[in-house]
Amino acid sequence: FPHREGHSLSIEVIPFEADPPLQKKSLILFREVPDAGVPDRPPGKASSKRIRVLEEELATAKEYLKTLIEEKERANQHLKAANEEILASNEELQSINEELETAKEELESSNEELTTVNQELESRNEELFTINADLQNLVASLDVPILFVGADLRIRRISPAALDLLGIGPEDVGRIITSMNLKIDLPDITEHLLRQHQNEQDVQGMDGSWYTLRLRPYRTPDDSVDGLVMLFSDITERKAAEKALRQSEERFRTVAEFTYDWEYWIDPDGSFLYVSPSCKRITGYPAEAFLRDPRLLQALIHPDDRHLFQNHLHRESQGEGDFTLEFRILTRSGEERWIGHVCIPVRAADGTHLGRRASNRDITSRKNAEAGLRQAEEKYRSIFENAVEGIFQTMPDGTILNANMALARILGFETPEELLNSGRTSSSFYRRFEDRERFMERMHCSGVVEDMEIQMLRNDGIPFWVSLSGRVITGPDGKPQSYEGSLLDITGRKRAEEERSHLEEQIRHSQKME
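Note that the structure is a prediction, hence the values are computed from the model and not measured.

1. Observations regarding the nonpolar core
Alright, step 1. Counting 24 residues, the largest nonpolar core has L419, F439 and M456 as the members making the most contacts within it.
Alright, step 2. Among the secondary structure elements, those contributing two or more residues to this core are β15 (400-403), α10 (405-410), α12 (433-446), β16 (448-457), β17 (463-474) and β18 (480-489).
Alright, step 3. If near-sequence neighbours (up to four positions away) are discounted, M456 is found in contact with F429, Y430, R431, I462, P463, F464, V466 and L487.
Alright, step 4. Listed in part, the 23 residues of the second largest apolar core include W262, I266, I301 and F327.

Shown next as structure tokens:
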């Protein structure tokens, strides 16, 4: 580099290594040299001094360089040792790298296995998601109230149908069921969890509805119990039907047990299935006696009527004729009683013959009344037919319903039948229509007319006198239903009275003449 006139500045850079090792340093020497073509001048006194200074500096620099070189050699030795250590470390690192490669391969294998496992888990998760979705749709579509409760009594799952039933919402999932106010009074769930078995019982809601609660253990895949599954079935209608059935059974039992008639049911083999308690009142034997001995019934029948009963049973088995019969029995005390018997075959819905159902009524009083009535009728018939007075029964329109022989002869007929078949009405026999009107008016006013004397006409038109009596027979509505009465031919008496009156008149006239 140009320095001053005739001289240049020479720069020499000497690199070396110093402590610490591997730290590079440089020695920079500045030297002034004369320019080329400029003659050297003899050094003066000042120049010599300058040279010595420079030489000393050079010696110092050499010494320093020597020191640096020694340090460099030492550093090189250190570097060599360090390099050997690095080589050893490199070998160790290479071994470690090989191990890492092996570990990497193992990790890659494990990663592949984990990937496979992860794929399997994802596939299973998808299956579980599908199963869960299927379960949710199944629970929702069944429209059955279902409640899943864990072993800690916390609600796990609720079907939509159970929300309104129990009065809870989806937000109640996770709550302890025993701490909630539900619309249904549930049993002790803790006890069922401890028992770990299925159970069913009927529970009632606050609104009066009834449900069958089915408790099932919630089992895990290892068959351990981890809660309960609660299913509710609405049985309100069944409960109402059962109540109605009980009431109906009670009514029918009351009717059967307290019926006045002797009721029984006999199976196809001839054994009694049911006998009402009233049999004891009629026969003197309790129901248990007939249940023990099916032959007791026929043994009680009067010997003269047993063939009637046997024929009746035969007709009933053949499905022929009327299933009613009247027969006599001899009671436990030996009393003779009349029985009105009615029976019908009993068949199941499929037509299977289940026996026969019978009702026996004590008709002894009726039979005695009928016998008395027959006697009274015979007596009345004798009086009716042999009476001197004419007896009649007519309709409000005048149609003659009944007449005895005396009435027929009084009116000029040979027999009552001839009178009834003549087609004539009662009004046609009145001589004067006003008499009939007066008779009917008096009968409607008082209900009874006695001994009204009027003139009537015989069948041949000959007038005659009668004493007429009658009364009104009313129906359930209070209106006249018929008339009945009697008449007596008083023509002879009337003639005698006329003759007597004529005779008395003649006597009075003769007395006046005298």
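2. Notes on unusual backbone geometry
Alright, step 1. Of note, L153 is a non-glycine position whose phi angle comes to about 70°, a positive value.
Alright, step 2. Counting through the fold element by element, L153 comes out in the loop between β4 (146-150) and β5 (155-158).
Alright, step 3. Its relative accessible area of 13% is what places L153 among the buried residues.
Alright, step 4. For D451, which is not a glycine, the phi torsion comes out positive at approximately 50°.
Alright, step 5. Looking at where D451 falls in the secondary structure, it is placed in strand β16.

3. A word on helix α8 (residues 306-318)
Alright, step 1. Here α8 is 13 residues long and its end C-alpha atoms lie 19 Å apart, about the 18 Å a rise of 1.5 Å per residue gives.
Alright, step 2. Every buried residue of α8 is accounted for by F309, H312, L313 and E316. The buried residues of α8 occupy an angular sector of 100° when projected down its axis, which confines them to one face.
Alright, step 3. Tucked inside the fold, the buried residues of α8 contact α7 (296-300), β11 (324-330), β12 (336-347) and β13 (353-362).

4. Describing the pairing of strand β9 (residues 262-266)
Alright, step 1. Burial analysis of β9 places 4 of its 5 residues in the buried class, the great majority of the element.
Alright, step 2. Between the antiparallel neighbours β9 and strand β10 (residues 272-275) lie 5 residues, among them G270 with a positive phi of about 95°.

5. So, the packing of aromatic side chains
Alright, step 1. Overall, the coordinates contain 8 aromatic pairs when judged by the stated rule.
Alright, step 2. Ring centres of W262 and Y264 lie 6.0 Å apart, and the angle between their planes is 55°; on these two criteria the pair is classed as tilted. One exposure class covers both W262 and Y264, and it is buried.
Alright, step 3. By the ring-pair criterion, three or more aromatic residues cluster together here, those being W262, Y264, F272, Y285 and F290.
Alright, step 4. Sitting over the ring of Y218, R156 keeps its end group 5.2 Å from the ring centre.
Alright, step 5. Sitting over the ring of Y260, R281 keeps its end group 3.6 Å from the ring centre.

6. Thoughts on the side chain of R328
Alright, step 1. In this structure, R328 sits in strand β11.
Alright, step 2. Of the residues examined, R328 reaches a relative accessible area of 17% and is grouped as buried.

7. A look at the pattern of salt bridges
Once the charged atoms of two side chains with opposite charge are near each other, the side chains can pair.
Alright, step 1. In this structure the tally under the stated criterion is 26 salt bridges.
Alright, step 2. Between D202 and K239 there is a salt bridge, with the nearest N and O atoms lying 3.2 Å from each other. On the criterion of sequence distance, the pair formed by D202 in strand β6 (residues 199-204) and K239 in helix α4 (residues 236-258) is long-range, its members being 37 residues apart.
Alright, step 3. We classify K239 as partly exposed; its relative accessible area is 22%.
Alright, step 4. Of the charged contacts in the structure, one is a salt bridge between D261 and R361, with a shortest N-O distance of 2.8 Å.

8. Points about the pairing of β16
Alright, step 1. Note: β16 against β17, 8 bridges, orientation antiparallel. By the bridge assignment, V448 is partnered in β17 with R471.
Alright, step 2. From the end of β16 to the start of β17, which pair antiparallel, there are 5 residues, and G461 there has a positive phi angle of about 90°.

Each value, and the rule that gives it
Residues numbered from 1 in each chain as written. Predicted model: local features only at pLDDT ≥ 70, side-chain atom pairs only at ≥ 80, totals over all residues. Heavy atoms only, no water. Core = buried A, V, L, I, M, F, W, Y, C linked by side-chain atoms within 4.5 Å. Buried < 20%, exposed > 50% of the residue type's maximum accessible area, 1.4 Å probe, protein only. Helix = DSSP H or I, 4+ residues; strand = E, 2+ residues; numbered from the N terminus. Contact = heavy atoms within 4.5 Å. Expected span 1.5 Å × (residues − 1). Arc of directions from axis to C-beta. Pairing = 2+ DSSP bridges. Phe/Tyr/Trp six-rings, centres within 6.5 Å; stacked < 30°, edge-to-face > 60°. Lys NZ or Arg CZ within 6 Å of the ring centre and 35° of its normal. Salt bridge = Lys/Arg side-chain N within 4 Å of Asp/Glu carboxyl O.

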